Amino acid sequence: MPADLLDLNRIPRHIACVMDGNGRWAQARGLPRTEGHRAGEHSLFDVVDACLEIGVEWLTVYAFSTENWRRPRDEVRFLINFNEEILLRRRDELNERGVRIRFVGRRDWRVPKRLIRRMDEASELTEKNRKLTFTIAFNYGGRAEIVDAVRRIAASGTAPEKITESTIARNLYDPQMPDPDLVIRTSGEYRISNFLLWELAYSELVFTDTPWPEFQRREFFAAIREFQDRDRRFGGVDGGG
Ligand code: FPP
């Protein structure tokens with residue numbers, strides 16, 4: 001679907017993607033699962049291009065979950081190295097195009113120091129950019145994020161009756177991140193899998209059977225079209241507008 005079929009006045013401000021199906025895509029072709037992740041890079045940057053083209057301000061992708069450590073050692077090692085490699089290879093181009101790179105997730109002992117350094121370098125290099133904020137969820141879990149927020153609030157000594165929803169929101173990994181308007185999950189799984197649990201309370205969810213390596217801008221625009229055809233009421237009723 002071409003971009004000109006979209007209502008450019010109603011482009012979602014924040015889109016989040018669960019890039020699922022890389023492994024199955026590769027296995028169906030007799031390739032190692034890691035080749036699926038490699039192919040997924042192409043889709044990811046096609047989606048980044050599409051966001052820049054139509055003016056999406058925030059894009060968040062699930063690159064590695066707190067549960068992904070349970071995968072075979074070689075795949076975990078591949079994903080860590082691949083994330084680092086992508087950051088090194090793409091950061092200048094993203095910077096030139098006005099993309100601000102950010103990360104959400106737990107920085108625990110399992111995340112190699114070198115990768116943390118690369119993340120910090122990419123964030124610092126691009127921190128002044130405003131065209132698109134591209135957030136990479138790495139060693140991210142939605143429940144872990146809420147636990148970490150609660151720990152910080154408890155450590156600050158805030159009185160329980162003073163804790164509100166906005167206290168929690170202010171203590172999430174990136175308090176500036178607006179809630180996603182649209183969450184897209186590829187590859188025929190109809191689950192949230194611990195992604196942005198707090199933030200997606202009112203997000204529209206679009207699921208597609210296409211595996212991530214085949215998910216490119218055409219399908220991305222189709223998901224936005226589906227979003228635009230829905231009626232978001234945030235728990236209220238139609239305003240008669
Ligand atoms: C899910 O497919 C995908 C992942 C666990 C990782 C995807 C990562 C990338 C495309 C690289 C991203 C890099 C940066 C820097 C953002 P899966 O392996 O769960 O597929 P399956 O469900 O078929 O097994």
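For the structure, see preceding data.
What counts and how
- Residues numbered from 1 in each chain as written.
- Predicted model: local features only at pLDDT ≥ 70, side-chain atom pairs only at ≥ 80, totals over all residues.
- Heavy atoms only, no water.
- Near = heavy atom within 4 Å.
- Polar contact = N/O pair within 3.5 Å; in protein donor to acceptor, adjacent residues only side chain to side chain.
- Areas by Shrake-Rupley, 256 points an atom, 1.4 Å probe, with all protein chains shown as cover.
- Helix = DSSP H or I, 4+ residues; strand = E, 2+ residues; numbered from the N terminus.
- Nonpolar A, V, L, I, M, F, W, Y, C, P; charged D, E, K, R; others polar.
- Buried < 20%, exposed > 50% of the residue type's maximum accessible area, 1.4 Å probe, protein only.
- Pairing = 2+ DSSP bridges.
- Phe/Tyr/Trp six-rings, centres within 6.5 Å; stacked < 30°, edge-to-face > 60°.
- Lys NZ or Arg CZ within 6 Å of the ring centre and 35° of its normal.

## Some thoughts on the site of the ligand
Part 1: Close to the ligand lie 18 residues, the nearest being Met-19, Asp-20, Arg-24, Arg-33 and Arg-71.
Part 2: Separating an oxygen atom of the ligand from a backbone N or O atom of Gly-21 is a distance of 3.3 Å.
Part 3: Expressed as a share of its isolated accessible area of 630 Å², the protein-covered part of the ligand is 92%.
Part 4: Going through the elements one at a time, helix H1 (22–28), helix H2 (33–54) and helix H3 (73–96) are the ones with two or more residues in the shell around the ligand.
Part 5: In terms of residue count, the dominant contributor to the shell around the ligand is H3 (5 residues).
Part 6: By residue class, the composition of the shell around the ligand is 7 nonpolar, 6 polar and 5 charged.

## Re the pairing of strand S4 (residues 132–140)
Part 1: Counting buried positions along S4 yields 9 of 9 residues, so the element is predominantly enclosed.
Part 2: Two elements, strand S2 (residues 58–65) and S4, share 7 bridges in a ladder whose sense is parallel. Following the sheet pairing, Thr-60 is matched in S4 by Thr-135.
Part 3: Pairing between strand S3 (residues 99–104) and S4: 6 bridges, direction parallel. Along S4, the bridge assignment pairs Phe-103 with Ile-136.

## Re the packing of aromatic side chains
Part 1: One pass over the structure, following the stated rule, counts 12 aromatic pairs.
Part 2: Relative to Phe-220, the ring of Phe-215 has its centre 6.5 Å away and its plane inclined at 85 degrees; by these criteria the two rings are edge-to-face. Residues Phe-215 and Phe-220 agree in their burial class; the two are buried.
Part 3: Above the face of the Phe-45 ring, Arg-90 is positioned so that its terminal group lies 3.9 Å from the ring centre.

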